[in-house]
Amino acid sequence: MAVIGCTVMTDGKAVSDSEDAPAYRTSAASSVAASAATSSIRASERAAAETTKAIHSVCETMAISSAEAVSNVNTYVAAVNGDGDVEASKQPAIDALNNSADTVEPAITAKVTGELRDSLSAWVTSSRATAGNIAAAVDPVAFNTSVATMNSARQRALELCDATYR
C-alpha cells in the first residue's frame, strides 16, 4: 500500500480576485440562463413535434378509413336505388363505418385539440349513427339526414387535417 500526499505547503491565504469575481459571476449566471432557455426551447420543439405527429397520424387514419367507409356506403346506396344487391352491400357498409369510428376514436389523443378534435369526434359519432341507421333500415329521410351529417363531419375534419400540413 502506498500513501501519496503533498510534501510542500505554500504559505498564505486563498483570496479571490475582487476585480474578476463580478465578471465571473455575471458570466456564470448568463451561461446558466442561456442553458435554461435553450433547454426550454428544445422541450417546446419536442412537444410541438409530438403534437404534429399525433395530429398527422389521426388525420391519416381518418382519411383512409373514411374513404373506405364512404365507398361502401355509396355501394349500399346504389343497391338501395336498384343498382345492386342490398343485402350483400349492407354489412360491408356497416362494418366499414364502424371500423372507421373504431380506428379514429382511439387516435384522438390529448394532443389533438380544439376544432380538429371536435370534428374528428363528430365523424366518429356520425359514422356510428349512419351504421346504426343502415342496420335498422330507417326511412330514406332519416338515412339521408344521417349521411348528410356524416359527410359534413368528414369534410370538415379533412379540411382541418389538410390545414395542418400547410
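Residues numbered from 1 in each chain as written. Predicted model: local features only at pLDDT ≥ 70, side-chain atom pairs only at ≥ 80, totals over all residues. Heavy atoms only, no water.

(A) Representation of helix H2 (residues 86–104) in the model. With 19 residues, H2 ought to run about 27 Å at 1.5 Å a step, and its terminal C-alpha atoms sit 27 Å apart, in line with that. Looking only at H2, the buried set comprises Ser-89, Lys-90, Ala-93, Ile-94, Ala-96, Leu-97, Ser-100, Ala-101 and Val-104. Across the axial projection of H2, the buried residues extend over an arc of 165°, all falling on one side. Where H2 starts, the residue carrying a side-chain oxygen 3.1 Å from the main-chain nitrogen of Glu-87 turns out to be Asp-85. (Helix = DSSP H or I, 4+ residues; strand = E, 2+ residues; numbered from the N terminus. Expected span 1.5 Å × (residues − 1). Buried < 20%, exposed > 50% of the residue type's maximum accessible area, 1.4 Å probe, protein only. Arc of directions from axis to C-beta. Polar contact = N/O pair within 3.5 Å; in protein donor to acceptor, adjacent residues only side chain to side chain.)

(B) Spotlight on the pattern of salt bridges. According to the stated counting rule, one finds five salt bridges in the structure shown. Arg-156 is paired through a salt bridge with Glu-159; the nearest N and O atoms lie 3.1 Å apart. Pair noted here: Arg-156 and Glu-159 are both in helix H4 (residues 140–163), with a separation of three residues, about one helical turn. The exposure class assigned to Arg-156 is partly exposed, which follows from its relative accessible area of 32%. On the basis of relative accessibility, which here comes to 36%, the residue Glu-159 falls in the partly exposed class. When salt bridges that share partners are traced, they join Asp-102, Glu-105 and Arg-128 into one network. (Salt bridge = Lys/Arg side-chain N within 4 Å of Asp/Glu carboxyl O.)

(C) The packing of aromatic side chains, seen in detail. Counting across every chain of the model gives one aromatic pair. Considering the side-chain rings of Tyr-76 and Phe-143, the 5.9 Å spacing of their centres and the 70° angle between planes classify their relative orientation as edge-to-face. One end of the pair, Tyr-76, is in helix H1 (residues 21–80); the other, Phe-143, is in helix H4, and 67 residues separate them in sequence. By relative accessible area, Tyr-76 is classed as buried at 9%. (Phe/Tyr/Trp six-rings, centres within 6.5 Å; stacked < 30°, edge-to-face > 60°.)

(D) Local environment of the state of the cysteines. One pass over the structure, following the stated rule, counts one disulfide. Across a sulfur-sulfur distance of 2.0 Å, Cys-59 and Cys-161 are joined as a disulfide pair. The sign of the -80° torsion about the S-S bond sets the Cys-59-Cys-161 disulfide as left-handed. In this pair, Cys-59 sits in helix H1 while Cys-161 sits in helix H4, placing the two residues 102 residues apart along the sequence. When its relative accessible area of 3% is taken as the criterion, Cys-59 is described as buried. (Disulfide = S-S within 2.5 Å.)

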